[in-house]
Amino acid sequence: MARDIQITFDCADPAALATFWAEALRYQVQAPPGDFESWDQALEAMGVPPERRNDASAVVDPDGSGPRVFFQKVPEPKKVKNRVHLDVRAAPGLEGAPRMAALEAEADRLVSHGATRLGRHEPAPPLGAGHLIMADPEGNEFCLD
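Note that the coordinates shown come from a computational prediction; the quantities given were computed from them, not determined experimentally.

A. How the structure looks around the packing of aromatic side chains. Under the counting rule described, the total for this entry stands at 5 aromatic pairs. An angle of 70° between the planes, with centres 4.9 Å apart, marks the rings of W21 and F142 as edge-to-face. Here F142 lies in strand 8 (residues 141–144) and W21 lies in helix 1 (residues 14–25), a separation of 121 residues in the sequence. With respect to burial, W21 and F142 carry one shared label: buried. Cluster of aromatic residues (ring-pair linked, three or more members): F9, F20, W21, F71 and F142.

B. Layout of a nonpolar patch on the surface. Together, V29, W39 and M46 give the surface a local cluster of nonpolar side chains, amounting to about 270 Å² of exposed area. Structurally, M46 can be placed in the loop between helix 2 (39–45) and strand 3 (56–60).

C. Focus on the sheet that holds strand 6 (residues 116–121). Here we have 4 strands laid out as an open sheet, ordered 5-8-7-6, and mixed in their pairing. Each edge of the open sheet is held by one strand with a lone partner, namely strand 5 (86–88) and strand 6. When strand polarity is set aside, the average angle formed by the axes of neighbouring strands in this sheet is 25°. One ladder, built from 4 bridges, connects strand 7 (residues 131–135) with strand 8; its direction is antiparallel. Its bridge partner lying in strand 8, M134 is registered against F142. Lying over the sheet, helix 1 contacts strand 5 and strand 8, oriented at roughly 45° with respect to strand 5. The strands that helix 3 (residues 96–111) touches are strand 6, strand 7 and strand 8; relative to strand 7, the one it contacts most, it runs at about 10°.

Criteria and cut-off values
- Numbers given for residues are sequential positions, taken from 1 along each chain in its written order.
- It should be noted that, the model being predicted, local features are given only for residues of pLDDT at least 70 and side-chain atom pairs only at 80 or more, the latter also being counted only at that level, while totals for whole chains, interfaces and linings use all residues.
- Computation of side-chain values: all heavy atoms of the structure, hydrogens and water removed.
- Centres within 6.5 Å are what make two rings of Phe, Tyr or Trp a pair, Trp counting through its six-membered ring; a difference in plane orientation under 30 degrees is then read as stacked, over 60 as edge-to-face, and the rest as tilted.
- Labels follow the DSSP assignment, with helices taken as runs of H or I lasting at least four residues and strands as runs of E lasting at least two, numbered in each case from the N terminus.
- Each residue is placed in one exposure class: buried if its accessible area under a 1.4 Å probe, protein chains only, is under 20% of its type's maximum, exposed if it is over 50%, and partly exposed if it falls in between.
- Like charges are joined within 9 Å and nonpolar side chains (Val, Leu, Ile, Met, Phe, Trp, Tyr) within 5 Å, but only among residues with over 30% relative accessible area and no salt bridge; these make up the patches.
- Where accessible areas are quoted, they stem from the Shrake-Rupley method and a 1.4 Å probe; at the residue level, only the protein chains shown are allowed to cover.
- When a carboxyl oxygen of Asp or Glu lies within 4 Å of a side-chain nitrogen of Lys or Arg, that pair is called a salt bridge.
- A pair of strands is treated as paired once DSSP finds two or more bridges between them.
- Orientation is described by axes fitted as lines to C-alpha atoms, over the contacting stretch for helices, and by angles from 0 to 180 degrees between their N-to-C directions.
- In this analysis, two residues are considered to be in contact whenever any of their non-hydrogen atoms come within 4.5 Å of each other.

Okay, here's the thing in structure tokens:
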């Protein structure tokens, strides 16, 4: 039986990074538990002090089919290139110029939400369809594929 997975990011600002990745993946920030209207209310009820309320956040697929993405606060900054990264499938089924135009449009949208554009790889058939290399607001690399 296949296992569910969760993708975890170490970061400096879990709430901000969750907001970015919710936008990038078309996910939503995970709702607070029970009948709480906000995470602040839930964390207050759990006795979490205000200075610890941005220690973690998560985003979830609204359809329930994709993995949960979890963001946990760590004290050290990112120092080197990611060994694992996400490929955001922004142009499925497209090829050539229409594919690259769709990727460019998505890159522009994500830059407006805090992403940085790092590079472009042109299509190189038969195996290379072309993709864009991006970084999230904390510098974690990802590709628009």
